[in-house]
Every structure is written in structure tokens, then in C-alpha cells.
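Topology and contacts: notes
Each chain is listed here by its residues.
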Amino acid sequence: MTIITQRNTTTSPIHELLGNRWSPRGFAADHVVGEEELRSLIEAARWAPSAFNKQPWGFIVGRRGTETFGKIFDSLAEFNQLWNRNVSALIVTLARTEIDGEPFATAHYDLGQAAAHLSFQAESLGLNVHQMTGFDADAIAERFPLPAGYQPYTVIAVGVHSTDESIPEKIRDRDSGPRERQGVDDILLGFE
Ligand SMILES: Cc1cc2nc3c(=O)[nH]c(=O)nc-3n(C[C@H](O)[C@H](O)[C@H](O)COP(=O)(O)O)c2cc1C
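Residues numbered from 1 in each chain as written. Predicted model: local features only at pLDDT ≥ 70, side-chain atom pairs only at ≥ 80, totals over all residues. Heavy atoms only, no water.

As for the sheet that holds strand 8 (residues 150-159)
Pairing is antiparallel across the open sheet formed by four strands, whose spatial order is 3-4-8-7. The strands lining the two open edges of the sheet, one partner per strand, are strand 3 (57-63) and strand 7 (128-132). Each neighbouring strand pair of the sheet contributes to a mean axis angle of 25°, computed without reference to strand direction. Two elements, strand 4 (residues 89-96) and strand 8, share eight bridges in a ladder whose sense is antiparallel. (Pairing = 2+ DSSP bridges. Helix = DSSP H or I, 4+ residues; strand = E, 2+ residues; numbered from the N terminus. Axes fitted to C-alpha atoms, helices over the stretch in contact; angles between N-to-C directions.)

Below, the structure is given as C-alpha cells:
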């Protein structure tokens, strides 16, 4: 059985927010994201589960046009800078890898779940997000005062997808390319 939802082809029914989620690179330069929408993304992240409920995560939010946005943007790798000029906001995610002087083993796992919550909340608000590891974490640590034990881990672009002709062709081509996944049988390593 193959189910073709609006964007993602699935072999079993999944929630429409998951069936539609993707990571575009072409974003609308005229879109402005509201403070309440961004707060709602962080609220969704806040309610993610975490080991021992330690919530080993932190976020820095910069809206386009602000100094914070500029500092995050400058830390991005060259290819990511190419498509991030138009995004409405950039969010640095931080993993709290050390708590009370001890390494916290599941910090990255827990942060990933918080990022997933954030992504689905964004989708529900009609926003698109695109996560990135292509950035300089040391530059972020130099430019922002971070509490001890927190490490910048990803940057998340937030905005609304656009196919406007002002967006570089290379970026529009990538957005219109096929979306691929391994088959369920390739990842299902046991099932009785
Ligand atoms: C942790 C992480 C890091 C990523 N880093 C980058 C990046 O630096 N630049 C980029 O263009 N996309 C980046 N991506 C996006 C992935 O390439 C994308 O999620 C993947 O191709 C699947 O596409 P989809 O999200 O549209 O399903 C990253 C995604 C994740 C989850």
C-alpha cells in the first residue's frame, strides 16, 4: 500500500503534519514571523520529554533585521548563508551537555526531541523550518554569553517557503527535487 499525502509518500497513514513537513531552502523575503509564533515554537520544545526531566536544552532566537539574527547569520557556513538571507528568524539550539560538572549522556537525544516538537508546532502554524549543523559553534560561543555546560548544536531557520524568481536557481532546483527516504524494511531491524 502506498499513500501519497500532500508532500510525503508513505506506506502507512501518518499525521498530516508529519506527512507534509519538509525542509525548504527558498524562503519568502517579505514574510515576518510574529513574536507569539516564535514563543509558541519554544513552548512546544519546552514540553518535549527528556531523561530524568532534566530538559538539557537552550535556545537563542533572532528575528531578521536584528543584531542577534546578524550574529547567528554570520556564523553560518557559506552554502547556508546563500539561502538564509530571506528567512524570518534563526534559532540556535544548545545542548546542556554538562550538569553539575557531570556529563549528561542524553543531552543531544533530548535536544533532538525538543527540535522535533518545535518543527511540528511550526508546521501547524503554517511555517517551515530547516535545521542546520553547517555553522561555526565556536563563533556563537564567542558572540553570545552562554551558561556553563551549554554547547551550540544546531541552527534552525524559520520562515515560509517561496519559489520567487529572486531566489537563486540552484536553491529553487534543490527545493523542487525528489524527496527520498530509506524503505521501512531497511530500517525495521526487528518486528514480530
Ligand atoms: C541535524 C541536521 C543538520 C542539518 N544540516 C543542514 C545544513 O547545514 N544545511 C542544509 O542545507 N540542510 C541541513 N539539514 C537538512 C537536511 O539535509 C534535511 O533535513 C534532509 O535532507 C531531509 O529533508 P527533509 O527535512 O526535507 O525531509 C540538516 C538537518 C538536520 C536534522
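Focus: the site of the ligand
Close to the ligand lie 14 residues; S23, R25, H130, R179 and R181 are nearest. In this structure, an oxygen atom belonging to the ligand sits 2.8 Å away from a side-chain N or O atom of R25. In the environment of the ligand, a nitrogen atom lies 3.0 Å from a nitrogen or oxygen atom belonging to the backbone of Q131. Bound to the protein, the ligand loses 64% of the 620 Å² it would expose on its own. (Near = heavy atom within 4 Å. Polar contact = N/O pair within 3.5 Å; in protein donor to acceptor, adjacent residues only side chain to side chain. Areas by Shrake-Rupley, 256 points an atom, 1.4 Å probe, with all protein chains shown as cover.)

Overview of the side chain of Q81
Its place among the elements puts Q81 in helix 4 (residues 78-84). The exposure class assigned to Q81 is buried, which follows from its relative accessible area of 19%. Apart from the residues within four sequence positions on either side, Q81 is in contact with F73, D74 and L76. (Buried < 20%, exposed > 50% of the residue type's maximum accessible area, 1.4 Å probe, protein only. Contact = heavy atoms within 4.5 Å.)

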